[in-house]
Amino acid sequence: MIHIPKAEYTRRRKALMAQMEPNSIAILPAAAVAIRNRDVEHVYRQDSDFQYLSGFPEPEAVIVLMPGRQHGEYVLFCRERNAERELWDGLRAGTEGAIRDFGADDAFPITDIDDILPGLIEGRDRVYSAMGSNAEFDRHVMEWINVIRSKAHLGAQPPNEFVALDHLLHDMRLYKSAAEVKVMREAARISCAAHVRAMQASRAGLHEFSLEAELDYEFRKGGAKMPAYGSIVAAGRNSCILHYQQNDALLKDGDLVLIDAGCEIDCYASDITRTWPVNGKFSPEQKAIYEIVLASQEAAFKQIAPNKHWNQAHEATVQVITAGLVKLGLLQGDVDELIASEAYRAFYMHRAGHWLGMDVHDVGEYKVGGEWRVLEVGMALTVEPGIYISPDNQTVAKKWRGIGVRIEDDVIVTKQGCEILTGGVPKTVAEIEALMAAAR
Ligand code: GLY
Ligand code: MN
Ligand code: MN
C-alpha cells in the first residue's frame, strides 16, 4: 500500500516551524465528529491541515507547535486510552501512542488542555491559528489567552499578535512533494479503474446509484478507504446539474451519463469526470458536443507548464468551446465578441479547473498581488471543461437540449509541462465505444 511516510510529517512540521516568526506558537484542532442523525455519525475524516502536519487520524486532538522549545517542539493533545470507550468506538493511540507512533515530543490528555495550554502559550509573542474557520475553536483560543491575561499581575505575558496560519501552511500544501505525487498517482490509478468499471457496467434500466456501486467497489477493492467527495452520477438531463448528488434516477437508452468521482488515499483526492452514452454509442449530437469539450481539454493541457499563468488553460478552453458552439450554430456571432461578452457562459459556466490535493478543491492562492499565479513544478490541478445545454434552453433546437458533457483529468506541473495522472481511463469517442462494446 502506498502511503505518506512518517518522516514526511516530521519534515512538514519542521518546514512550517522554520517559517514561523521567532518565539511563536501554532495551534490546530482536529476535525470534529459530524452527526449524521441521532446516534449515527458520518465517517470520520481528519481535517486536512491537521492531517498534513501529523498524520494523526483521531478526533478530539490538538496540535501545538513551538519552534525552539527545549522540551520538545511538537506537543499533541489527544484522547487517553480507555478500555470501555475503545470497546464501543475503536482503538485510540493515547498519549503514549502519540509519542511512539506519531512523533510527538510530548503528549497530554485532551481533557487537560485548559490547564496546560495557557502555560505553553504564555511568554510566546505570536499565536498562529486558522482564525475564522472554526468559531468554537477561536473561542477556546481566546479563553486560553484570557487565562494568561488574568495572571498579568503575577507577571504572566500574553501574546500580542495573532496570525492566520493559512498563509504559510496553504502555500506549503500547494507544492506537492515526491511522496505526495506518488500517493496522488495511486489514488488516480484506482479512480481510473473505477470509471472503467462503471463504463463497462453501464446499461439502460439501471439506476444511477448502481453505477455508483461499481465505483465504490473499485475504490475499496483497489486500496482506497473512501471517495474524496460525493460521487456525481448524473444521467440524461441531470448531467446539466454541475454538482448533482441525488444519484437515484434511471439510466435511459439514448442518454448520456456523466460521472464525476474519485477516491482519496491518506486524505489525497483524485477527481475524474467522464461522460459516456448509457447504451455505448454516442448520437451525432452527443458526439459533436463531446468532441468540442475534448478538444478544449487538449488545448488546455498545452497551457500547463512552468511560467504559464493559472488562467491560460481556462482561456484556452473558452476559446475552443466558443468557436465550437458557433460552428454548431448553438451560438451566433463573432467568436472574439462572444468571448468578450461571456456569451459562452450559458453553456460553460464554471472554470477549467482548481488546485487538487488533500482537499478536492485544494488550498492555495490563485492570484498573487492581483495577478494570476504562475504555475510551478509540483503544483497539482484539474482540467475539466464542460458544455451543458439546459433542458429548458429555448434558444437551441430541441435535439441539443439536456446534453451535458464534462471531461476532467488531474495533472501535476512538471519541468517539461504536465503529467496527466488520470490517463488510464478512455477518453476519445472511439476508445469509449470500443471499451463499452467489448463489455456487452
Ligand atoms: N468534483 C468536483 C469538481 O470537479 O470540482
Ligand atoms: Mn474538479
Ligand atoms: Mn470533479
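These numbers come from a predicted model, not from an experiment.

### Focus on the site of ligand 1
And then number 1: The immediate surroundings of ligand 1 are formed by Tyr229, Asp260, Asp271, His354, His361, Glu384 and Glu408.
And then number 2: Here His361 contributes a side-chain N or O atom positioned 2.6 Å from an oxygen atom of ligand 1.
And then number 3: Here an oxygen atom of ligand 1 and a side-chain polar atom of Glu384 are 3.1 Å apart.
And then number 4: Here the residues of the shell around ligand 1 sort into 1 nonpolar, 2 polar and 4 charged.

### Some details on the nonpolar core
And then number 1: Counting residues in hydrophobic clusters, the biggest one holds 96 residues, and the most contacted among them are Leu16, Val257, Ile259, Trp276, Ile387 and Ile389.
And then number 2: In terms of residue count, helix α8 (residues 178–201) provides more of this core than any other element does, 12 residues in total.
And then number 3: With sequence-adjacent residues up to four places away left out, Trp276 is seen in contact with His195, Ala198, Met199, Ser202, Leu211, Asp255, Leu256, Val257, Ile259, Phe282, Ile432 and Met436.
And then number 4: Judged by nonpolar contacts, the second largest core, of 19 residues, contains Phe77, Ile113, Ile121 and Ile148.

### With respect to the UniProt feature "domain: Aminopeptidase P N-terminal" (unreviewed entry) in the protein
And then number 1: Under the local residue numbering, the UniProt record ascribes the feature "domain: Aminopeptidase P N-terminal" (unreviewed entry) to residues 4–138.
And then number 2: This span, residues 4–138, is 37% helix and 21% strand, and a straight line between its end C-alpha atoms measures 30 Å.

### Things to note about the coordination of the manganese ion (ligand 2)
And then number 1: For the manganese ion (ligand 2), every protein donor is listed as Asp271 (OD), His354 (NE2), Glu384 (OE) and Glu408 (OE), and the spread of their distances is 2.0 to 2.2 Å.
And then number 2: Coordination geometry of the manganese ion (ligand 2): the 6 donor atoms subtend angles of 50 to 155° at the metal centre, consistent with an arrangement described as irregular.
And then number 3: Going along the chain, you hit the donors of the manganese ion (ligand 2) in the pattern D-x82-H-x29-E-x23-E.
And then number 4: Between the manganese ion (ligand 2) and the manganese ion (ligand 3), the interatomic distance is 3.2 Å, and Asp271 donates to each metal, bridging them. Highlighted residues: Asp271 in the loop between β13 (268–269) and β14 (272–277) and Glu408 in the loop between β19 (404–406) and β20 (409–413), separated in sequence by 137 residues. For the residue pair Asp271 and Glu408, the accessibility class agrees, reading buried in each case.

### Notes on the coordination of the manganese ion (ligand 3)
And then number 1: Listed as protein donors to the manganese ion (ligand 3) are Asp260 (OD), Asp260 (OD), Asp271 (OD) and Glu408 (OE); their distances from the metal cover 2.0 to 2.4 Å.
And then number 2: Around the manganese ion (ligand 3), the 6 donor atoms sit at angles spanning 57 to 171°, and that spread fits a shape best called irregular.
And then number 3: The sequence motif formed by the donor residues of the manganese ion (ligand 3) is D-x10-D-x136-E.

### What about unusual backbone geometry?
And then number 1: Positive phi values are uncommon outside glycine, yet Glu60 reaches one of about 55°.
And then number 2: For Glu60, the position within the fold is in the loop between α2 (48–54) and β4 (62–65).
And then number 3: Positive phi outside glycine occurs at Asp266, with the angle close to 50°.
And then number 4: The class for Asp266 is partly exposed, based on a relative accessible area of 21%.

### Some words on helix α11 (residues 310–327)
And then number 1: Of all the residues in α11, the buried ones are Trp310, Asn311, Gln312, Ala313, His314, Ala316, Thr317, Val318, Ile321, Thr322, Gly324 and Leu325.
And then number 2: Packing partners of the buried residues in α11 comprise α10 (284–301), α12 (335–340), β16 (371–372), β17 (380–383) and β18 (386–388).

The rules behind the values
Residues numbered from 1 in each chain as written. Chains lettered and ligands numbered in written order. Predicted model: local features only at pLDDT ≥ 70, side-chain atom pairs only at ≥ 80, totals over all residues. Heavy atoms only, no water. Near = heavy atom within 4 Å. Polar contact = N/O pair within 3.5 Å; in protein donor to acceptor, adjacent residues only side chain to side chain. Nonpolar A, V, L, I, M, F, W, Y, C, P; charged D, E, K, R; others polar. Core = buried A, V, L, I, M, F, W, Y, C linked by side-chain atoms within 4.5 Å. Buried < 20%, exposed > 50% of the residue type's maximum accessible area, 1.4 Å probe, protein only. Helix = DSSP H or I, 4+ residues; strand = E, 2+ residues; numbered from the N terminus. Contact = heavy atoms within 4.5 Å. UniProt positions renumbered as here; feature names shortened; annotations may be inferred. Donors = N, O, S within 2.8 Å, 3.2 Å for Na, K, Ca; no water. Tetrahedral: all angles 85-135°; square planar, octahedral: opposite > 155°, others 65-115°.

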